[in-house]
Amino acid sequence: MLNFNCVNILKREGVFALPFKLFVVFIIILSLCSCTSKTYTPEIKSEFEARANVNFDGFTYSCKIIKTENSVTVQVLDTNASGLSMKYDGNILTLKTNEFEDSFTNEKTLPSNPAVALYEALFSLENAEVRVNKSGYLFTGKVRAGEFELLLSRANDIKTISFSSAKLQFSFTY
């Protein structure tokens, strides 16, 4: 009579008993290990510098973006606004040129200010929804400037950030 259950297989004796038992244990372990899957969570560097082209309601300029662990600075590189630096740390917006410097609290800043909108998007990504697409990873979320989309390359470089309701878009170049 042929009785095929695990207890009888493991009680088996003879020349091939030990290799057979090891094989059965190996198959069981292998089947348990093959059930795991790896997931990749894209990350944006905590600090970076990059150049970007900004389109703000039809006005286009080039800038340098500097992100630190607690602030974002947008430095305008061309147009009549060349030399303007906008730095935001989540509470204070500082506008600076060679001729003046002034700071504003949140109550006196527009959410669509490029430094403010960029800061809020970059520092809220852990709450954003992420999808994989052919170009990389698409983050979608909402900040005071409205809904945003951030496209991150597979190399973890930001490609674009757009705020449709604020008519603000950053196209990054590296």
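See the structure shown above.
Since the structure is predicted, the reported quantities are computational estimates derived from the model, not experimental observations.

A. How the structure looks around the pairing of strand S8 (residues 136-143). Counting buried residues along S8, six of its eight residues qualify, which places the element largely inside the surrounding structure. Of the strand pairs in this sheet, strand S7 (residues 129-133) and S8 are connected by five bridges, and their pairing is antiparallel. Residue Arg131 lies in a different strand from S8, and its bridge partner there is Leu138. In this antiparallel pair of consecutive strands, S7 and S8, the connection spans two residues. Both S8 and strand S9 (residues 146-152) contribute to a ladder of seven bridges, which runs antiparallel. From the neighbouring strand, Lys142 faces S9, where its bridge partner is Glu147. In this structure, the hairpin formed by S8 and S9 is closed by a connection of two residues.

B. How the structure looks around the sheet that holds strand S5 (residues 92-96). Taking strand neighbours across the sheet as the criterion, the 11 strands line up as S6-S5-S4-S3-S2-S1-S11-S10-S9-S8-S7 in an open arrangement whose pairing is antiparallel. With partners counted over all chains shown, the strands left at the sheet margins are strand S6 (101-105) and S7, one partner each. Within this sheet the neighbouring strands show an average axis-to-axis angle of 20°, counted without direction. In this sheet, strand S10 (residues 158-163) lies alongside S9 in antiparallel orientation, the contact comprising five bridges. When the sheet's bridge partners are listed, Glu149 is paired in S10 with Ser162. Packing of helix H3 (residues 114-122) onto the sheet brings it into contact with strand S1 (48-56), strand S2 (59-67), strand S3 (72-76), strand S4 (85-88), S5, S8, S9, S10 and strand S11 (168-173), and relative to S3 it is tilted by some 145°.

C. Spatial organisation of the pattern of salt bridges. Scanning the entire structure with this criterion turns up five salt bridges. For the salt bridge of Arg144 with Glu120, the shortest nitrogen-to-oxygen distance reads 2.6 Å. Residue Arg144 is located in the loop between S8 and S9, and its partner Glu120 is located in helix H3; the two are separated by 24 residues in the primary sequence. The exposure class of Glu120 is buried, given its relative accessible area of 14%. Here Arg131 makes a salt bridge to Glu129, at a shortest N to O gap of 3.6 Å. Judged by its relative accessible area of 40%, Arg131 falls in the partly exposed class. Residue classification places Glu129 among the partly exposed positions, given a relative accessible area of 47%.

The rules we used
- Numbers given for residues are sequential positions, taken from 1 along each chain in its written order.
- Reporting in this predicted model follows two pLDDT cut-offs: at least 70 for local features of residues, and 80 or more for side-chain atom pairs to be given and counted; totals over whole chains, interfaces and linings ignore these cut-offs and use all residues.
- By convention in this description, side-chain values take in all heavy atoms of the structure and omit both hydrogens and water.
- Only protein chains enter the accessibility calculation, which uses a 1.4 Å probe. A residue is then buried if its area is under 20% of the maximum for its type, exposed if over 50%, and partly exposed in between.
- The secondary structure listing takes helices from DSSP runs of H or I that are at least 4 residues long and strands from runs of E that are at least 2 residues long, numbered from the N terminus.
- In short, DSSP must find at least two bridges between two strands for them to pair.
- Axis lines are fitted to C-alpha atoms, over the contacting stretch for helices. Their N-to-C directions set the angle, which ranges from 0 to 180 degrees.
- We call two residues contacting when some pair of their heavy atoms lies within 4.5 Å.
- Salt bridges, as used here, are contacts in which a Lys or Arg side-chain nitrogen is within 4 Å of a carboxyl oxygen on Asp or Glu.

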